[in-house]
Amino acid sequence: GLDKAKSLLTVTEGNTFLDLIAKQVDSMKNEYRTPDLRFMLMNSFSTSKDTLAALAKYPELGTGSDLEFVQNKAPKVAASDFTPASHEADKGHEWCPPGHGDLYPAMLGSGTLDRLLEKGFKYMFVSNSDNLGATMDLKILTYFAQSKAPFMM
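Cut-off values and rules
- Per chain, the residues get numbers from 1 upward, laid out in the order the sequence is written.
- In keeping with the predicted nature of the model, local features appear solely for residues at pLDDT of at least 70, side-chain atom pairs appear and are counted solely at 80 or more, and the whole-chain, interface and lining totals rest on all residues.
- With hydrogens and water excluded, all non-hydrogen atoms of the structure serve as input to the side-chain values.
- Where helices and strands are cited, they refer to DSSP runs of H or I of at least four residues and of E of at least two residues respectively, numbered from the N terminus.
- Accessible area is worked out with a 1.4 Å probe on protein chains only. A residue is then buried under 20% of its type maximum, exposed over 50%, and partly exposed in between.
- In what follows, a contact means two residues having at least one pair of non-hydrogen atoms within 4.5 Å.
- Residue burial considers only the protein chains on display, and all accessible areas are found by Shrake-Rupley using a 1.4 Å probe.
- In summary, the charge assignment counts Lys and Arg as positive and Asp and Glu as negative, without counting His or the chain termini.
- Every charge is mapped onto a representative atom, which is NZ of Lys, CZ of Arg, CG of Asp or CD of Glu.
- Pairing of aromatic side chains here covers Phe, Tyr and the six-membered ring of Trp, requires ring centres within 6.5 Å, and sorts the geometry by plane angle: under 30 degrees stacked, over 60 edge-to-face, intermediate tilted.
- Placement of a charge over a ring requires the Lys NZ or Arg CZ to be within 6 Å of the ring centre, with the centre-to-atom vector within 35 degrees of the ring normal.
- By this rule, a helix spans an expected 1.5 Å times one less than how many residues it contains.

1. Re the overall build of the protein chain
- When helices and strands are counted, the protein chain shows five helices and six strands.
- The order of α-helices and β-strands along the protein chain, N terminus first, is β-β-α-β-α-β-β-β-α-α-α.
- Each of the 153 residues in the protein chain was classed as buried or not, and the buried ones make up 26%.
- Sequence-distant contacts, at least 24 apart, represent 55% of the contacts inside the protein chain between residues at least 6 apart.
- For the protein chain, the computed accessible surface area is about 10400 Å², with 57% contributed by carbon and sulfur atoms.
- Taking the average place of the 16 positive charges on the side chains of the protein chain and the average place of its 19 negative ones, the gap between the two points comes to 5 Å.

2. Overview of the environment of Lys73
- Along the chain, Lys73 turns up in the loop between strand 4 (68-70) and strand 5 (74-75).
- Exposure remark for Lys73: the relative accessible area of 48% places this residue in the partly exposed category.
- Once the C-alpha coordinates of Lys73 and Pro97 are considered, the two residues, 24 residues apart in sequence, prove to be 5.0 Å apart.
- Non-local contacts of Lys73, meaning those with residues more than four positions away in its chain, are made with Phe45, Trp95, Cys96 and Pro98.

3. Side note on the packing of aromatic side chains
- Using the criterion set out here, one finds one aromatic pair in the structure.
- Measuring from centroid to centroid gives 5.7 Å for Tyr123 and Phe144, while their planes differ by 75°, and the two rings are edge-to-face. In this pair, Tyr123 sits in the loop between helix 4 (112-118) and helix 5 (138-147) while Phe144 sits in helix 5, placing the two residues 21 residues apart along the sequence.
- The partly exposed category is assigned to Tyr123, whose relative accessible area is 40%.
- Looking at Lys73, its charged tip hangs above the ring of Phe45, at a distance of 5.0 Å from the centre.

4. Observations regarding helix 1 (residues 17-31)
- Spanning 15 residues, helix 1 covers 21 Å between terminal C-alpha atoms, matching the ideal 21 Å at 1.5 Å per step.
- Restricting attention to buried positions, one finds in helix 1 the residues Phe17, Leu18, Asp19, Leu20, Ile21, Ala22, Val25, Met28 and Lys29.
- Each element contacted by the buried residues of helix 1 is listed here: strand 1 (10-12), strand 2 (15-16), strand 3 (41-43) and helix 2 (48-55).
- Arg33 sits one or two residues past helix 1 and shows a positive phi near 50°.

Given below as C-alpha cells:
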C-alpha cells in the first residue's frame, strides 16, 4: 500500500497527478471561457488531509465542501469467516474506503449532490486522478446534453 494518496505521486518534472489536474482545470477554464467550471474530489478518510494540503497552492479551485466530499467507510472483514476485522493498535485500520462505486451514495449522503443542483449544475465529468488522459470534451458534452441521456460512459 501507499503511505499517501495516489494522486500525490510525482509524475513528471516535480508535478504530481494532482498538480497536473489543477493545471488542466485552469487551462480548460481559460480555453472554454468558463470561469465557473468546477473541480471536486471524492476523497477518502485516509486521503482527505493530504490532498487538501497539496491543493492549498491552487486556491482558485475552491476550498472545503466546494473542493471535496468524503466517501463512506466500509468495515474490513476477516477472510477466514467474514467477521469484522479487528486491529487493536489502530482502530482506523478496521475500515476501508468502498471505492468508485460509492460515488453516488457519497454525493447524496454528504449533501454534495443537493448543493451542486442548488447552484445550477446539470452535468458532471468524472475521472480517476491517475487518468491524466481523461479530460472534458465539449463535443461529447454537447452530444450528451442533446441526447438527454441520464448517464454516459
